[in-house]
Structure formats: C-alpha cells, structure tokens
Amino acid sequence: MSTELFLQNEAKIAVEKLYGVIAEASQLQIQKTRKEFEGDYTLVAFPLLKISKKNPEATSQEIGQYLVDNCKQIVRFNVIKGFLNLSMSNEYWAEILTNISLTNDYGFLPSDASGRSVMVEFSSPNTNKPLHLGHIRNNLLGFSVSRILEKNGNKVKRVNLVNDRGIHICKSMLAWQKFGNGETPESAGKKGDHLVGDYYVRFDREYKLQIEDLKSKGLSEDEAKAKAPIMLETQEMLRKWEAKDPEIYTLWERMNGWVYNGFEKTYNALGITFDKTYYESQTYLLGKATVLEGLDKGVFKRKDDGSIWIDLTNDGLDEKILMRSDGTSVYITQDIGTAIQRFDEHHLDEHIYVVGNEQEYHFQVLKLILKKLGYKWSDNLFHLSYGMVQLPEGKMKSREGTVVDADDLVDEMVSTAHDMSAELGKLDGVDSNDAAAICQMVGLGALKYFILKVDPKKNMTFNPRESIDFNGNTGPFIQYTHARICSVLRKAEELGINLPKTISMQGFTAPKEIELIKLISEFPTVVEQAGKELSPSFVANYAYELTKEYNQFYHDFPILKEEKLDVQALRLSLSKIVGDTIRKSMWLLGIDVPEKM
RNA sequence: GGUCCGGUAGCUCAGUUGGAUAGAGCAACAGCCUUCUAAGCUGUGGGUCACAGGUUCGACUCCUGUCCGGAUCACCA
C-alpha cells in the first residue's frame, strides 16, 4: 500500500473519531509536502471544514495531534495555513526500503496478473519509402507502451501492419521499371528501402513534368493530373497486380523484399521487435462480407451507383463510404475486417492502435461502425493518437527533401555519442567493442528519451542540432547516473562490503535519504499511471526526477567512505535500489543502460 | 464553416481527481575535481500560465466567449 493511501485511511479514522463523520475519499486529500516545508506528506484541511465546523488551522491542529497520538508511524506535524504537514518515522521508511529491496521486480506485475490480453498495433510503414522521424516516434511509443502494459499485468501482443500494396506502391515500381536499368540495393550500395524511396521520388518528379506539359497544352490542373500517362500506367499496373499478373507480382515481391531488408536493419538499430507482422496484401479484402451483412441489417445503405455508405450525421459525423461503386473496398473496410478477425482469433480484451493524430476521425468512425454492427468490444478499441514531429522550419515534407531520415538520425546520434565520449576521455582504456556498444546505447538513449519524455498527444519540435544533447534532462544523464551507481557497487564488492538484508533506522542521517525512498516507493504508481494513460512520458519524467535527486545525494554524502557501518549500509542499499529503479524505468522506455560510460 | 487537439521563461518541455510563493533542462553568467565516474553538483538572472469573463475559501488546472497555431471532415491511406 502506498503511503498516500495509508495516510488517507488514518486521516479518515481521525476525522471519524474527532467529528463523528465518515469523510469521503475526495475530502481526504493527501499530497507530497512541498520541499520548502517540513514534512513528508500533507493533508489539505479545506475540504474537511464542513465536517469539523472549525477554521482550517484548528482543524489541522486537531487532526495532526490525533494522528501523532494514535499512529506510531507519524511522529511530527506542523500546520501552515490550511495545510497539515506530517512527518513519518524513520522506522517507517526503513521498513519501506527493506520491503522494496526484498520484493522481486518491485513495481512490475507478472504478465498474467490482470488476466487481460491486449494487442498493440504500431509502426505500420508503407513499403515505398524509408522510415523517417515521424515513424520513429510511432515505433518508440508503441514499443514502450507495450512494455508498460506488460508490466501492468497484461498479456501483450505487438503487431505491425505493413502497407505493402496500393497505388503508391505501384508508383515506385513503375519508376524503377522505367528508369531503373535493373538497379538493385547491391549494385547501388544502398539500403533497399532507400533505393525504393528514391524511385518513389523519381515518379513524383516525372509526374509533375507531365502535368506541366499537359497544362501547357490547354488542359486544366485536374484533367492533367488524371490524364498524365505515367499515372495511367500506374493505375494499369495496380489492376494487373490485383489480377495477380505474374510479371508485376514478381516485381512487387522483389522490391518489397528489398524494403523489408532495409526495415529490418532500422528496427534492429532501434531495438524494436514485433510478435506478428500483418501484410495488407493479405488483409485488404477482409471486411467486404461484413459490409454486405451490414447492408442486409440496414445499418448501411446502397446508393444508386452501387456504392455503400453509412450515415453518421446523427452522431455528429458525416456520411462515410465503405465500398466503392465498382465493388472495391476502401481503407476503413479493411480495418473493420481486421479488427473482427483479431478479436475472434486472439480473444482480445483491448486493442490499441498507435497512429498519428491526423487519423483521429478515422478511428472515431471505425469504433462507431463496429458498435452499430453490434460488436460490444468496440468500446475496447483505443486510438493512441500522437502529435506530429515538426522541424524548427515547420512540417517535414518528403517532396521538399526536408524529412529527417530514421537511419541517418540514428547514425548521427551514435557518432555524436562517440565524439563526445572521446572528447571527455571516457573511452580511454576501454575495449573497442565495449566502446562501440556504449556509444550505441548512449546515442540511442539520447534520441529515445528526447522523444518519449514528451506527452504523446502533443506536437513536438525536433531540432536536429540542438536536440542532440547529452546533459541535463536527457537520456545520457540518466544512463550516466546508472553507470555511476554500478561503479559504486563494483567498488563495494571489491572491498568486500555486502548489501545488508534489512535496513536499520539508525542509518538515516539526512532528509535526502528519505526523499529518495519516498520517490522509489512511488514507482509502482507511476507504472500504473503510465499504463492507464498510455503515456511513457510519465515514466521518463519520473526517471529524471529520481536521477536528479540521486545525483544530489551522491554529491553531498559519502557512501563507501562513510565510516559508520549502518549509515554505509543504508546508503549502499539505497544506491542499489535507485540503480534498479532507473534501469527498470528506462527498460519501460526501451532504453538500455550501461554499467560503465 | 463543423469537429478535435494545443498555447506555461529566449528555446525544449514538466506541472492528473482544483491547493501553499508556477518547476526543470538548454542557452548566458559565477563557483566546485589530492575524496566512491565533473556526461556531475551549487548559485544568479529570466513568467500578465494567449486574452477576457465566470464558478470557489482557493484556478495553469473546471465552465463560457475571443484570438493564435495544428489536425480533420475524399469512391486516398
């Protein structure tokens, strides 16, 4: 039980004994005491005035006195205005710390604890261009949220839905066919996803030229766009693909294969894995039967041209098309089918889609349609909608070449980590393999932390130069502190100093130690909160706060050099547990921590 | 135009059932390594929490309106 809950209970008893009224939980507000006042936790008196019928000071005074007299864990109190500040006993904190050190994976629940099964879909790349900064946010969020949900006691399945078909895929195929001269990733010395991306850009260039050409011949913009020969050819290619034309199909498989090899490298570099990968080419026909069923049930209606629609105007939305007049399906048709299939096959309790906020409307519609079709689980579909990543100059635009490429960015972060480590002399005498591993960890740590510390739903600005920071509120700062702690623990072992089994209250010498225990004891609540809100930023900000607090402690107090043994024991235990908590927090973010750096 | 999201220090961000004098980092300046890792620690300066009303003992937080920015409302995905 957290200290907040404990105190809330004690305060409830106090209020009942003193005033004969059982207070509501909402009237018993416990919060951490602000640093400038003495005390650990604070009871806010204002909501209780109606019960006590006394002024804030008198009410606080009475409750404080009662608690000190009747609760051995509370040893002191002071009242400032309407705030009752309570101090817990050293024995209480020693016991908390002992319990934490004896608890396996403190703050983490086993994955069957909730009995719930959750699917998280994220990444969902197109196979016509390489991953960029926007995908990085998506991948990091999806992966971290999966881990957070797992440690909240859920069974989690990470899935990727690859958009491997459609007109945009044909564009890069056609451009390669026309202008590629048989170029391959090997012959070009390029990652496959980058090579294919180049042809996607090439298509666009060609397309624009043809549009201009047609316009100069008197066609309107729209006509030119529709009649450009290269576009007509692409549409023809898509028809052939759908008819499984052998030549087109082979080309498609070949080029997608290049892209998958490229993606795999990027995922590996980022440390991202999936339990299952779905391909749209295998799922895009799903949902059609459901749409026809819905038509029979009268949930949908058919227009004169044969297209099928749902009218959502009564729900504050618009009309939405579900099947084209030629009988082909649109994007949402597939999502309807996929969702039904996944809930049937995997007995899911929840499904989370990690997709950018530009698709909020889409998921709103999807949930509503499934609800109208009678699927009760539609309430358990969540769109984890995250904001855009912008550059200082504004939005990234692939056509203007302002996108930040994922591979380039990772490389740049790692090489900066390398430069900085070398400059600081951190790599002196370190084995070159170890050094490379450390720089990898640090560079990626900087990038991942930078992105995950921001509330997912907010847009964020990424400055390629300034964002590569390794001091202050950054991943490397947290990693560094972990390495420091490891160093202390190594030294302790060398000196034959063992970690104590239980912590003695005599060891407390400073409020800083209690401050640290307080923070560590909040870890389970942080994990829970992050899971509830699907927000890794809670964990990131917590890790930073804990780290900062520990560094102050480390700076001000000797650990191994402390001569009083019970004090030394406490500080060593505390260091160990802080290190563990940092590592676990960072693990939840998908960030590795080094033992040396 | 309708709907949704955001606006907090020069910059990047915290601030969660409404609580005390709104916090960090970066950048700037000034200190601290014969002592467990200085990628650290300490200090200084920096704010009309977009604006105006309202609710209340108390509002960055809740409500209404206005302004600004973004997203979205395709027989695209």
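The model shown is predicted, which means the values in this text are computed figures rather than measured ones. (Residues numbered from 1 in each chain as written. Chains lettered and ligands numbered in written order. Predicted model: local features only at pLDDT ≥ 70, side-chain atom pairs only at ≥ 80, totals over all residues. Heavy atoms only, no water.)

With 142 residues, the main nonpolar core has I63, W93 and L133 as its most contacted residues. In terms of residue count, the dominant contributor to this core is helix 17 (residues 432-452) (11 residues). Residues within four places of W93 in sequence aside, it is in contact with T3, D40, Y41, M88, F508, I514, I517 and K518. If you look at the next biggest cluster of nonpolar residues, it comprises 31 residues, including L295, I336, L366 and L368. (Core = buried A, V, L, I, M, F, W, Y, C linked by side-chain atoms within 4.5 Å. Buried < 20%, exposed > 50% of the residue type's maximum accessible area, 1.4 Å probe, protein only. Helix = DSSP H or I, 4+ residues; strand = E, 2+ residues; numbered from the N terminus. Contact = heavy atoms within 4.5 Å.)

A few words on the domain arrangement of chain A. Taken domain by domain, chain A comprises domain 1 (3-88), domain 2 (122-274), domain 3 (280-388) and domain 4 (406-588). Taking only C-alpha atoms into account, the centre of domain 2 sits 39 Å from that of domain 4. Taken together, the contact between domain 2 and domain 4 spans 21 residues of the former and 26 residues of the latter. The contact between domain 2 and domain 4 buries some 2,000 Å² in all, and 69% of this surface belongs to carbon and sulfur atoms. Together, R137, R147 and I148 form the three largest contributors to the area buried by domain 2 at its contact with domain 4, with a combined 29%. Counting the contacts that link domain 2 with domain 4 gives one salt bridge. One salt bridge connects D407 with K191, and the closest N-O pair in it is separated by 2.5 Å. On inspection of domain 2 and its partner domain 4, the count reaches 11 residue pairs in polar contact (both at pLDDT 80 or more). The element best represented in the side of domain 2 that touches domain 4 is helix 5 (residues 133-150), accounting for 11 residues. Of the residues contributing to the side of domain 2 that touches domain 4, the split by class is 10 nonpolar, five polar and six charged. (Domains from an automatic or database assignment. Buried area = accessible area lost by both parts, 1.4 Å probe. Salt bridge = Lys/Arg side-chain N within 4 Å of Asp/Glu carboxyl O. Polar contact = N/O pair within 3.5 Å; in protein donor to acceptor, adjacent residues only side chain to side chain. Nonpolar A, V, L, I, M, F, W, Y, C, P; charged D, E, K, R; others polar.)

A few words now on the packing of aromatic side chains. For any pair of aromatic rings, the description rests on two quantities: the centre-to-centre distance and the angle between the ring planes. Evaluation of the coordinates by the stated rule reveals 24 aromatic pairs. On the numbers, 5.6 Å between centres and 65 degrees between planes, the contact of Y260 with Y279 is edge-to-face. Residue Y260 is found in helix 11 (residues 246-270), and its partner Y279 is found in strand 7 (residues 276-279); the two are separated by 19 residues along the sequence. A relative accessible area of 26% means that Y279 is categorised as partly exposed. (Phe/Tyr/Trp six-rings, centres within 6.5 Å; stacked < 30°, edge-to-face > 60°.)

A separate point is the pairing of strand 2 (residues 41-44). Where burial is concerned, the two faces of strand 2 agree: the one with Y41 and L43 and the one with T42 and V44 are both buried. Pairing geometry for strand 1 (residues 30-32) and strand 2, over three bridges, is antiparallel. The residue of strand 2 that forms the bridge with K32 is Y41. Pairing of strand 2 with strand 4 (residues 83-88), which is carried by four bridges, proceeds in the antiparallel orientation. What sits directly across from L43, in strand 4, is L84. (Pairing = 2+ DSSP bridges.)

The next thing to look at is the sheet that holds strand 5 (residues 116-121). Within the open sheet, the five strands sit side by side as 7-6-5-11-12. Their pairing is parallel. The open sheet is flanked by strand 7 and strand 12 (381-386), the only strands paired with a single partner. Strand-to-strand twist in this sheet, taken as the mean axis angle between neighbours without regard to direction, amounts to 25 degrees. In terms of strand pairing, strand 5 meets strand 6 (residues 154-162) through six bridges, oriented parallel. Opposite E121, over in strand 6, you have V159 as the bridge partner. Running over the sheet, helix 5 touches strand 5, strand 6, strand 11 (350-356) and strand 12 and is turned about 160 degrees from strand 6. Helix 15 (residues 360-372) contacts strand 11 and strand 12 of the sheet and is inclined by roughly 175 degrees relative to strand 12. (Axes fitted to C-alpha atoms, helices over the stretch in contact; angles between N-to-C directions.)

Per the counting criterion, the structure on display carries 34 salt bridges. A salt bridge links K372 to D315; its shortest N-O distance comes to 3.2 Å. Pair noted here: K372 is in helix 15 and D315 is in the loop between strand 9 (308-311) and strand 10 (319-323), with a separation of 57 residues, a long-range link. Residue classification places D315 among the partly exposed residues on the basis of a relative accessible area of 37%. E515 serves as the salt-bridge partner of K518, at 3.5 Å between the closest nitrogen and oxygen. Residue K518 and its partner E515 are both found in helix 19 (residues 511-521); the two are separated by three residues, about one turn of the helix. For the pair K518 and E515, one class covers both residues: buried. A single salt-bridge network, built from bridges that share partners, covers E212, K215, E221 and K225.

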